[in-house]
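# A structural walkthrough
Residues per chain are reported as follows:
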Amino acid sequence: MATGWPPHLFLVGCGNMAGQMLHRWLACGLDPDRVTILRPSGRPVADGVRVVTAYPDALPQGTTVMLGMKPHQIADVAEQLAPLCTTDTVMLSILAGTTLADLRARFPSARDVVRAMPNLPVGIGQGVVALYTDEQASSAGRTEAGALMAPLGLCEWIADEALFNRVTALSGCGPAFLFRFIDALARAGEAIGIPPEQAARMAMATVQGAATMAAAQENPATLADQVASPGGMTREGLNVLDADDRLLTLLTDTLEAARDRGEAMARGH
Ligand SMILES: NC(=O)C1=CN([C@@H]2O[C@H](COP(=O)(O)OP(=O)(O)OC[C@H]3O[C@@H](n4cnc5c(N)ncnc54)[C@H](O)[C@@H]3O)[C@@H](O)[C@H]2O)C=CC1
Ligand SMILES: O=C(O)[C@@H]1CCC=N1
């Protein structure tokens, strides 16, 4: 599939998110020999992928480093990693709320620094990855970052870093909100008397079918109208969701809360 593999990929941390990214890259043909993972546990991650618990003395030439640990670990990581970065290192960060300026200050030698905000479904190639860098970045750096992310799903370059926490709220956090919705639909079914396991199965299949259809066809509002027969059952249900923009307000509040947390993290809170 993708041909844009870096000469070497060094992952700092490989938990839920970086693990999904790696899973997809390997499935798309990334040679495990080209990957090194630094993780404190030293636990194996995937066949053929080298796991280390301490930083090497040097990184192979042209290494792409991806920061995949928790944002608050940046100071410890940078202290040990920055001396290994050279003018041919590409630095990718998936850390929420960690600005490009902060990353550049911590890794001054890196050739290019790019922020990437993936979401969990990248593991099945159906994720969303927001990307950001500034005019200091080389076009090669942008191309390399874009090529590495391409197998993960929809990739969107963000023009203004001020939007980064907002897109993180929408697509980075979004899967969790959708997972909650699936649970809530099932529990609501249960609340009106459907046996719990059956409600869970039916909620899941309804969301899956509706999402696949929405992705393949026209806009979701038109599809909603196709379900809602005039004077029928669906319209009554939609009236509840739409009253005073209830669902829209709930989701706007949800995204604002997530966005605000990103802004606070960027201020070091
Ligand atoms: N979980 C998600 O859906 C998303 C997470 N992110 C970002 O991904 C990053 C990781 O999040 P998760 O994978 O959810 O967390 P996680 O807790 O599953 O993974 C973090 C990994 O970092 C490792 N780690 C801890 N200390 C370390 C150190 N000093 N050096 C190197 N590795 C260390 C841990 O062993 C763990 O495997 C965060 O910065 C988060 O903002 C971004 C987008 C989505
Ligand atoms: O919850 C978080 O902070 C990260 C960022 C997006 C998804 N998980």
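All figures in this text were calculated on a predicted structure; none of them were measured in a lab. (Residues numbered from 1 in each chain as written. Chains lettered and ligands numbered in written order. Predicted model: local features only at pLDDT ≥ 70, side-chain atom pairs only at ≥ 80, totals over all residues. Heavy atoms only, no water.)

## A look at the UniProt feature "domain: Pyrroline-5-carboxylate reductase dimerisation" (unreviewed entry) in the protein
Mapped onto this numbering, the UniProt entry gives "domain: Pyrroline-5-carboxylate reductase dimerisation" (unreviewed entry) at residues 161-264. Strand forms 0% of residues 161-264 and helix 82%; the C-alpha atoms that close the span are 15 Å apart. (UniProt positions renumbered as here; feature names shortened; annotations may be inferred. Helix = DSSP H or I, 4+ residues; strand = E, 2+ residues; numbered from the N terminus.)

## Observations concerning the UniProt feature "domain: Pyrroline-5-carboxylate reductase catalytic N-terminal" (unreviewed entry) in the protein
The positions that UniProt labels "domain: Pyrroline-5-carboxylate reductase catalytic N-terminal" (unreviewed entry) are, in the present scheme, residues 11-97. Between the end C-alpha atoms of residues 11-97 there is a gap of 19 Å, over a span that is 23% helix and 21% strand.

## Points about the site of ligand 1
Looking at ligand 1, there are 19 residues lining it, with Asn16, Met17, Met69, Gln73 and Ala96 nearest. With respect to ligand 1, the backbone of Asn16 contributes an N or O atom lying 2.9 Å from an oxygen atom. Here Gln73 contributes a side-chain N or O atom positioned 2.9 Å from a nitrogen atom of ligand 1. Its free accessible area being 820 Å², ligand 1 has 76% of it covered by the protein chains. In this structure, ligand 1 is accommodated by the second largest pocket. Looking at the shell around ligand 1 residue by residue, the classes come out as 13 nonpolar, five polar and one charged. (Near = heavy atom within 4 Å. Polar contact = N/O pair within 3.5 Å; in protein donor to acceptor, adjacent residues only side chain to side chain. Areas by Shrake-Rupley, 256 points an atom, 1.4 Å probe, with all protein chains shown as cover. 1 Å grid on protein atoms, 1.4 Å probe; cavity = no way out; pocket = protein on both sides within 12 Å on 5 of 7 lines; lining within 4 Å. Sits in = over half its atoms within 2 Å of the grid points. Nonpolar A, V, L, I, M, F, W, Y, C, P; charged D, E, K, R; others polar.)

## Comments concerning the packing of helix 5 (residues 164-172) against helix 10 (residues 246-266)
The interhelical angle for the contact between helix 5 and helix 10, taken along N-to-C directions, is 135 degrees, at an axis separation of 8 Å. In this view, helix 5 runs oblique relative to helix 10, as classed from their interaxial angle. Considering the relative orientation of helix 5 and helix 10, their crossing is right-handed. Residues Asn165, Arg166, Ala169 and Leu170 of helix 5 pack against Leu255, Ala258, Arg259, Gly262 and Glu263 of helix 10. (Axes fitted to C-alpha atoms, helices over the stretch in contact; angles between N-to-C directions. Parallel < 35°, antiparallel > 145°, perpendicular 65-115°, else oblique. Left-handed = near helix turned anticlockwise from the far one by under 90°. Contact = heavy atoms within 4.5 Å.)

## Observations regarding the site of ligand 2
Every residue near ligand 2 is listed here: Ala96, Thr168, Gly172 and Cys173. Coverage of ligand 2 by the protein amounts to 48% of the 240 Å² it exposes when considered alone. The residue makeup of the shell around ligand 2, split by class, is two nonpolar, two polar and no charged.

## Section: the pattern of salt bridges
Applying the stated rule across the entire model yields seven salt bridges. We note a salt bridge from Arg106 to Asp102, for which the minimum N-O separation is 2.8 Å. Of this pair, Arg106 and Asp102 both sit in helix 3 (residues 100-106), four residues apart, which is roughly one turn of the helix. Between Glu144 and Arg111 there is a salt bridge, with its nearest N and O atoms 2.8 Å apart. On the criterion of sequence distance, the pair formed by Glu144 in helix 4 (residues 139-149) and Arg111 in the loop between helix 3 and strand 6 (112-117) is long-range, its members being 33 residues apart. Ionic contacts of the salt-bridge type, sharing partners, join the residues Arg111, Asp112 and Glu144 into one network. (Salt bridge = Lys/Arg side-chain N within 4 Å of Asp/Glu carboxyl O.)

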